[in-house]
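Examining the three-dimensional arrangement
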Amino acid sequence: MPRLLSTALSLRQDPRVLKAPPYISFICILVGFAWLLMLPLDEYSRRTYISENALLPGQVHTYFGGSEENVLRAYREEVDTLRDADNYSINNHVEVMLKNIGLKVGRQNYTYHSAGEVLNGENVYGILQAPRGDATEAIVLVAAWKNTADAVNRNGVALAMTLARYFKRWSLWSKDIILVIPPDSKSGTQAWVDAYHDAHDPNKVAPLPIKSGALQGALAIDYPFDNKFESLHIVYDGTNGQLPNLDLINSIVNIAGGQMGIDTGIQDLEKHANNYQDRLQTIFRGMLRQGLGYSTGPHSCFIPYHVDAVTLQPRGEGWHDEMAMGRVVEGTFRSLNNLLEHLHQSFFFYLLMHKDRFVSIGTYLPSAMLLAANFSIMAIFLWVKSGQPPAPLKEKDFKSKSATRGVSISTPAVERDLFLPCAVVVLGHALSTIPLYLFNNLSAKTLAPAFTVFTVASAALPVAASLVLSCYKPTVQQYQLIKSFSLLFLGMSLATLATLNFSLAFLVGIVCSPLSFVQSSTNPFLRWTLAGIMSIVSPATLLQVICQITGISAESILTEASFGWDVWGMYTPVVIWCVWWPAWLIGMINVLGTA
């Protein structure tokens, strides 16, 4: 034991040990990215299955059809007559129709302020009281008047009202059914869900006049066109990357495919060959949506309240009509009606690569954790290195002296000057509140020019900061500590974020990976070359590049982000401006600094 302890202590002083962390950090990045690329393989993914046996998807016969088609046509004509009417006139007619069905009807006003614009409207909804229930549980059917593409949800609203009339005739329901018709898919549903759970701001959102029990699930219909469809697209991404219980998606796939013969798809992939390429593409599309954290449909507003919800969108041109779509909704509601408790047995953290295959969190999480570990390893490495004297013991001297038995070799510790490094890191993160505040409070018209000014200022700020910092004549040790503290905060933030939003943590980790290795150089050409490379991975530059590639204006992206911050509670701007941007800023200061 004494010999083993002596060997360990001597190994700690070996200068060769300090050469290993950068290589370990680089290996973490490579393995983390390669880990993600291996997920589409059969060995690392699993087939989907139903965990909650009480759902019994596709086990009942659905009766929606026949004469209900005439009712659907009548409601569709009513929708056509109201196409150009204002929100309140539409709700006046809808309220009358819902009361004629036999539902209890309520209306709710809301007003949101975002990016200098005022978004107001009124929701109308009806509650079908369950003949066999006690109003303690409910299922929600949502049909927004306008979908996410701002098109009138013509067949969606008509089909939802037809289904409500159809459900009213059945006495098998043990849970109340709530039909919600908001004016749009972005703000109306959010106001209704917030008020239902008493989490609304009374100054912006009015309370609901009538309520039912705890929400067990929700289904949104997005069906704006008239022609028959080929497949059913399931949209399941929620705000901030949250996902519904996998059993709900599996049940819909089972009901649509097994019982109705309707093909289903996910992540906007029209044809899925279930090969490696399509699986990987589906994963990346899902990660991009999850990482952005925005609302992808009316269902997204329910998921933060632990209400499992999806949006159904017919796609293509085929032979399935509105009645087939209605039978899918009926079958899903019949399955949710069977639940004795809230969905909890299946997965809430997963990556879908096909409608029949998924990856659970235990399999994909290590890839993001390895990226986060890379920053923590380098932070510890720089901390240890900062405590060593400027001229470390040479390897040949170490070998010759360590060979002498009984001689204890110890490198004298160097006192660390922490004030300046801590001040630089704290100031860098304090500055991050400026873009966070500006881009969430400016009007939509000024967002684009403000972002252009910020891009230029963001590029010039590290140069100015490094010049100011040079007045204090920082040492090599202080630059090491500045980088160490910055990487430590980045690593801890991404490791924590990975458990909440894996995709966002992974994407930010990949983009920030150069920060672990860039450092100042005495060669001016090399220093400015590194600074140019670093400028490419800045948040402002990447956003400009994305705008050029996609053709979407910066104003649209920033306006949507501001809306998400104000209405949906989206925290993606916090990660971008308060985690990623200050880490990049401090990394640039280290590259440009001279000691």
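What you are looking at is a predicted structure, and each value in this text was computed from that prediction instead of being measured.

**Digging into the overall build of the protein chain**
- Helices and strands together make up the secondary structure of the protein chain, namely 20 helices and eleven strands.
- Its C-alpha atoms give the protein chain principal-axis dimensions of about 95 × 55 × 40 Å.
- Buried positions account for 52% of the 595 residues belonging to the protein chain.
- Pairs at least 24 residues apart make up 83% of the contacts formed inside the protein chain by residues separated by at least 6 positions.
- Across the protein chain, the 43 positively charged side chains and the 45 negatively charged ones have centroids separated by 12 Å.

**Re the UniProt feature "transmembrane region" (unreviewed entry) in the protein chain**
- Sequence positions flagged by UniProt for "transmembrane region" (unreviewed entry) are, in local numbering, residues 20-41, 361-384, 418-439, 446-469, 489-518, 530-554 and 574-593.
- The span residues 489-518 is 77% helix and 0% strand, and its two end C-alpha atoms sit 17 Å from each other.

**Quick word on the environment of arginine 47**
- Note on placement: arginine 47 falls in strand 1 (residues 46-47).
- Look at arginine 47 and you get exposed, because its relative accessible area is 53%.
- Through-space distance from the C-alpha of arginine 47 to that of phenylalanine 358 is 6.4 Å; in sequence the pair is 311 residues apart.
- Once residues within four sequence positions are removed from consideration, arginine 47 is found in contact with Asp356, Arg357 and Phe358.

**A few points about the domain arrangement of the protein chain**
- The domains assigned to the protein chain are domain 1 (22-41 + 365-388 + 416-592) and domain 2 (67-355).
- Each of domain 1 and domain 2 has a C-alpha centre, and the two are 38 Å apart.
- The partner domain 2 presents 28 residues to the 27 residues of domain 1 that form the contact.
- Together domain 1 and domain 2 conceal approximately 2,400 Å² of surface at their shared face, both sides included; 63% is due to carbon and sulfur atoms.
- Across the domain 1-domain 2 interface, the total number found is one salt bridge.
- At the junction of domain 1 with domain 2, the criterion picks out 14 residue pairs in polar contact (both at pLDDT 80 or more).

**Overview of the packing of aromatic side chains**
- Going through the model one piece at a time under the given rule, you end up with 24 aromatic pairs.
- Ring plane angle 70° and centroid distance 4.9 Å describe the contact between phenylalanine 167 and tryptophan 173, whose orientation is recorded as edge-to-face. Of the two residues, phenylalanine 167 and tryptophan 173, both sit in the buried class.
- Of the aromatic side chains, those joined through ring pairs into one cluster are Tyr63, Phe64, Tyr166, Phe167, Trp170, Trp173 and Phe333.
- For arginine 334, the ring lying beneath its charged end belongs to tryptophan 170, and the centroid distance is 5.9 Å.
- A cation sits over an aromatic face here: arginine 416 above tryptophan 383, 4.0 Å from the ring centre.

**Focus: the layout of surface pockets**
- In this model, the largest pocket occupies a volume close to 1,700 Å³.
- Broken down by secondary-structure element, the contributors of at least two residues to the lining of the largest pocket are strand 7 (229-235), helix 8 (276-292), strand 9 (309-320), helix 13 (433-441), helix 16 (502-512), helix 18 (539-550), helix 19 (554-568) and helix 20 (572-592).
- For the lining of the largest pocket, the element with the most residues is helix 19, which contributes seven residues.
- Of the domains in this structure, domain 1 (22-41 + 365-388 + 416-592) and domain 2 (67-355) are the two that each give at least three residues to the lining of the largest pocket.

**Quick notes on the sheet that holds strand 3 (residues 117-128)**
- Strands sit in the order 2-3-5-4-6-9-7-8 across an open sheet of eight strands; the sheet is mixed. Looking at which strands have only one partner, the edges of the open sheet turn out to be strand 2 (104-114) and strand 8 (263-266). On average, adjacent strands in this sheet sit at an angle of 25° to one another, irrespective of strand direction.
- The pairing of strand 4 (residues 137-142) with strand 6 (residues 214-221) spans six bridges and is classified as parallel.

**A word on empty space enclosed by the protein**
- Under the definition given, this model contains three cavities of 30 Å³ or more.
- Roughly 70 Å³ of volume is contained in the largest cavity.
- If you go around the largest cavity, the residues you meet are Tyr236, Asp237, Leu243, Gln267, Thr282, Ile283, Gly286, Met287, Gln290, Tyr350, Leu351 and Leu352.
- Mapped onto the lining of the largest cavity, the elements with two or more residues apiece are helix 8 and strand 10 (350-354).
- Among the elements that line the lining of the largest cavity, the one with the most residues is helix 8, at five residues.
- Residue composition of the lining of the largest cavity, grouped by class: seven nonpolar, four polar and one charged.

**A word on the side chain of glutamine 478**
- Tracing the backbone shows glutamine 478 in helix 15 (residues 476-500).
- Using a relative accessible area of 6% as the deciding quantity, one classes glutamine 478 as buried.
- In this structure, glutamine 478 is in contact with Asp417, Leu420, Pro421 and Lys473, ignoring residues within four places of it in sequence.

**Some words on the nonpolar core**
- Within the largest apolar cluster, 68 residues are counted, with the highest numbers of intra-cluster contacts made by Leu351, Phe451, Leu490 and Phe502.
- Ranked by residue count, the leading element in this core is helix 20, at 14 residues.
- A domain split of this core shows at least three residues from each of domain 1 (22-41 + 365-388 + 416-592) and domain 2 (67-355).
- Beyond its immediate stretch of four places on either side in the chain, phenylalanine 502 contacts Leu36, Met287, Leu351, Tyr364, Leu365, Ser367, Ala368 and Leu497.

**Here's the deal with the side chain of histidine 299**
- Examined against the element boundaries, histidine 299 turns out to sit in the loop between helix 8 and strand 9.
- Take histidine 299: its relative accessible area is 1%, and that puts it in the buried class.
- At 3.4 Å, the side chain of histidine 299 and the side chain of threonine 296 are in polar contact.
- Within polar-contact distance, the side chain of histidine 299 engages the side chain of serine 300 at 3.5 Å.

Rules used throughout
- Residues numbered from 1 in each chain as written.
- Predicted model: local features only at pLDDT ≥ 70, side-chain atom pairs only at ≥ 80, totals over all residues.
- Heavy atoms only, no water.
- Helix = DSSP H or I, 4+ residues; strand = E, 2+ residues; numbered from the N terminus.
- Buried < 20%, exposed > 50% of the residue type's maximum accessible area, 1.4 Å probe, protein only.
- Contact = heavy atoms within 4.5 Å.
- Lys, Arg positive; Asp, Glu negative; His and termini not counted.
- Charge placed at Lys NZ, Arg CZ, Asp CG, Glu CD.
- UniProt positions renumbered as here; feature names shortened; annotations may be inferred.
- Domains from an automatic or database assignment.
- Buried area = accessible area lost by both parts, 1.4 Å probe.
- Salt bridge = Lys/Arg side-chain N within 4 Å of Asp/Glu carboxyl O.
- Polar contact = N/O pair within 3.5 Å; in protein donor to acceptor, adjacent residues only side chain to side chain.
- Phe/Tyr/Trp six-rings, centres within 6.5 Å; stacked < 30°, edge-to-face > 60°.
- Lys NZ or Arg CZ within 6 Å of the ring centre and 35° of its normal.
- 1 Å grid on protein atoms, 1.4 Å probe; cavity = no way out; pocket = protein on both sides within 12 Å on 5 of 7 lines; lining within 4 Å.
- Points joined across faces, edges and corners; volume = space filled by probe spheres on them.
- Pairing = 2+ DSSP bridges.
- Axes fitted to C-alpha atoms, helices over the stretch in contact; angles between N-to-C directions.
- Nonpolar A, V, L, I, M, F, W, Y, C, P; charged D, E, K, R; others polar.
- Core = buried A, V, L, I, M, F, W, Y, C linked by side-chain atoms within 4.5 Å.

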